[in-house]
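# Observations on the model geometry
Single-letter residue listing:
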Amino acid sequence: MAVPILDLKRSFESIRPEIESRLKKIFDDQSFILGQDVKDFETHCEKYLEVPEGSCVSCASGTDALLLALMASDIHEGDEVITTPFTFFATSGAIARLGAKPVFADVDPNTYNIDINDAMKRITSKTKAFLPVHLFGQVCAFENVIDELHDKGITVIEDAAQAFGACRIVDDGKKILRAGVIGDVGCYSFFPTKNLGGCGDAGMVITRDKVKAERLKRLRVHGSGETYYHDEIGINSRLDSIQAAILDVKLKYLETWNEERRRLAEYYRLLFNAHALNDVVIVPSELEHNRHIYHQYVIRVTSKRNELMNYLNENGFAVRVYYPLSLHLQPCFKYLGYHEGDFPVSEMLSREVLALPVFPGLRAQEQEALVECIAKFFRRN
Ligand SMILES: *Cc1c(COP(=O)(O)O)cnc(C)c1O
């Protein structure tokens, strides 16, 4: 049996006709950038996320969303931004790209998200923003420190690239905190492999702050409000009609797909329990009140992770390590002056994590065979 880490074909086939008819219309109209399809997609995202009209500003990628969010929050050279070292590179890449300084805090070993207590200890007079990541589809619970951060003049920017549709349900079910709209500005990615993924690069910034939203709309078109008149220096980062139309169709299925991912995660948990692998495999934990959407299903393997990974790959099961090197140890960030041992939890995770296939259309027999293979590996050794 060969099980891929992700097979986009399985969820695409059922929506192919709908997407093809939307694309045909775009080719008929020949309007490709920031057209009606883009407006419609932004409006539908606003409805889905229950935010006021005008809150969603689409752009060309998740990386650009981060860059635009930081620019609109006036992050400049020398400013400090507190963030996690255990994430995809783009999170701190965007900070450094603006000449600002990524200041890392360690992460929580259960959720893999930034450790809020450690983050708060790293605030200095230069701290301008706090940039947590909702990693692997689980919301980072930082709502209790927002007021304190605001009192210190710190903007909260969320990297929700992996968490479109994830939320926290608090106050006895009365309040829903959605990934991306808990802090001041949120960033989404619609890279093809994300839970809501286009057929190319795409992203979105979200903010309830109307002034900021208008500024973001200018920043994505070279900083011009009125065409050819530039109020500030922006970038070129627009969503195109083709991506918008595809994403608009897919958005309708996102809830169903996210629910399916949650069921797959629950089944993995049952399988690992049934095989009594708890001494070597730690399954992902869902923080109380969280609706984890399992962008990735990432276990911790406390011994022989690499051997297990090779064994599984040899047996046809595609498993991956996200992420093998904590960002504070990346060669490009050497100038920040961090060393091995600075973030023990993040470093431990990079040695122990293993992502298993999780995607709409993954079959029960495939999950069973995979966990069976993991059990076989540990019995053999
Ligand atoms: C995917 C991702 C990004 C970047 O998004 P792109 O659309 O690929 O530019 C940023 N942060 C995280 C955590 C991601 O997973």
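What counts as what
Residues numbered from 1 in each chain as written. Predicted model: local features only at pLDDT ≥ 70, side-chain atom pairs only at ≥ 80, totals over all residues. Heavy atoms only, no water. Core = buried A, V, L, I, M, F, W, Y, C linked by side-chain atoms within 4.5 Å. Buried < 20%, exposed > 50% of the residue type's maximum accessible area, 1.4 Å probe, protein only. Helix = DSSP H or I, 4+ residues; strand = E, 2+ residues; numbered from the N terminus. Contact = heavy atoms within 4.5 Å. Phe/Tyr/Trp six-rings, centres within 6.5 Å; stacked < 30°, edge-to-face > 60°. Polar contact = N/O pair within 3.5 Å; in protein donor to acceptor, adjacent residues only side chain to side chain. Near = heavy atom within 4 Å. Nonpolar A, V, L, I, M, F, W, Y, C, P; charged D, E, K, R; others polar. Pairing = 2+ DSSP bridges. Axes fitted to C-alpha atoms, helices over the stretch in contact; angles between N-to-C directions. Expected span 1.5 Å × (residues − 1). Arc of directions from axis to C-beta.

## Some remarks on the nonpolar core
One finds Phe41, Phe130, Phe142, Phe164 and Phe190 to be the most contacted residues of the largest nonpolar core, which totals 51 residues. For this core, the secondary-structure elements that each account for two or more residues are α3 (36-49), β3 (101-104), α6 (116-121), α7 (146-151), β9 (203-206) and α9 (241-251). For this core, the leading source of residues is α3, giving five residues. Apart from residues lying up to four places away in sequence, Phe190 is in contact with Phe41, Phe164, Leu196, Gly197, Gly198, Gly200, Ala202, Gly203, Met204 and Leu247. In terms of nonpolar packing, the next biggest core, distinct from the first, is built from 44 residues, Val298, Leu308, Met309 and Leu354 among them.

## Comments concerning the packing of aromatic side chains
Counted under the stated rule, the structure contains 23 aromatic pairs. Ring centres 5.4 Å apart and planes at 75° place the aromatic pair Phe41 and Phe190 in the edge-to-face group. On the criterion of sequence distance, the pair formed by Phe41 in helix α3 and Phe190 in the loop between β8 (185-189) and β9 is long-range, its members being 149 residues apart. Accessibility expressed as a relative area gives 0% for Phe190, which makes it buried. Seen from their ring centres, Phe130 and Phe142 are 6.1 Å apart, and the 90° between their planes marks the pair as edge-to-face. Here Phe130 is found in strand β4 (residues 127-131), whereas its partner Phe142 is found in the loop between β4 and α7, with 12 residues between them in sequence.

## So, the environment of Tyr338
Its location among the elements puts Tyr338 in the loop between α11 (305-314) and α12 (344-352). The buried category is assigned to Tyr338, whose relative accessible area is 18%. Taking the C-alpha atoms as reference, Tyr338 lies 27 Å from Ile146; in sequence the two are 192 residues apart. Those residues within four positions of Tyr338 in sequence are excluded, and the remaining contacts are Pro102, Val103, Phe104, His328 and Phe343. A polar atom in the side chain of Tyr338 sits 3.0 Å from the backbone nitrogen of Phe104.

## Details of the site of the ligand
The environment of the ligand is made up of 15 residues, and the closest members are Gly62, Thr63, Gln162, Ser189 and Lys194. Within the side chain of Thr63, a nitrogen or oxygen atom sits 2.5 Å from an oxygen atom of the ligand. Considering each element in turn, the shell around the ligand owes the most residues, three residues, to helix α4 (residues 62-72). Tallied by class, the residues present in the shell around the ligand amount to six nonpolar, seven polar and two charged.

## Considering the sheet that holds strand β10 (residues 281-282)
A sheet is described by the order of its strands in space; here three strands give the open sequence β10-β12-β13, paired in antiparallel fashion. Every interior strand has two partners, whereas the edge strands, β10 and β13 (353-356), have only one. Pairing analysis gives four bridges linking strand β12 (residues 297-301) to β13, with the strands arranged antiparallel. Bridge assignment links Arg300 to a residue of β13, and that residue is Val353. Sheet contacts for helix α10 (residues 254-274): β10, β12 and β13; angle to β12, the most-contacted strand, approximately 25°. With respect to the sheet, α11 is in contact with β12 and β13, its orientation differing from that of β13 by roughly 20°.

## What about the sheet that holds strand β11 (residues 290-291)?
Taken in spatial order, the three strands of this open sheet run β7-β6-β11, and their pairing is antiparallel. Two strands close off the open sheet at either side, each with one partner strand: β7 (175-178) and β11.

## Some details on the pairing of β7
Here strand β6 (residues 167-170) runs beside β7; their pairing, made up of four bridges, is antiparallel. Counted as the bridge partner of Cys167 is Arg178 from β7. Turn length for the β6-β7 hairpin, with the two strands adjacent in sequence and antiparallel, is four residues, and the turn residue Asp171 shows positive phi of about 50°.

## Focus on helix α2 (residues 16-29)
Note: α-helices contain 3.6 residues per turn, so residues at a spacing of three or four share the same orientation. With 14 residues, α2 should reach 20 Å at 1.5 Å per residue; the first-to-last C-alpha distance of 20 Å fits that figure. Along α2, the residues that are buried comprise Ile19, Leu23 and Ile26. Along α2, the residues classed as buried sweep out an arc of 55° about the axis, all on the same side. More than 90 degrees from the buried face of α2, the exposed residues found are Pro17, Lys24, Lys25 and Asp28. Directly beyond the C-terminal end of α2, a positive phi value near 55° is found at Gln30.

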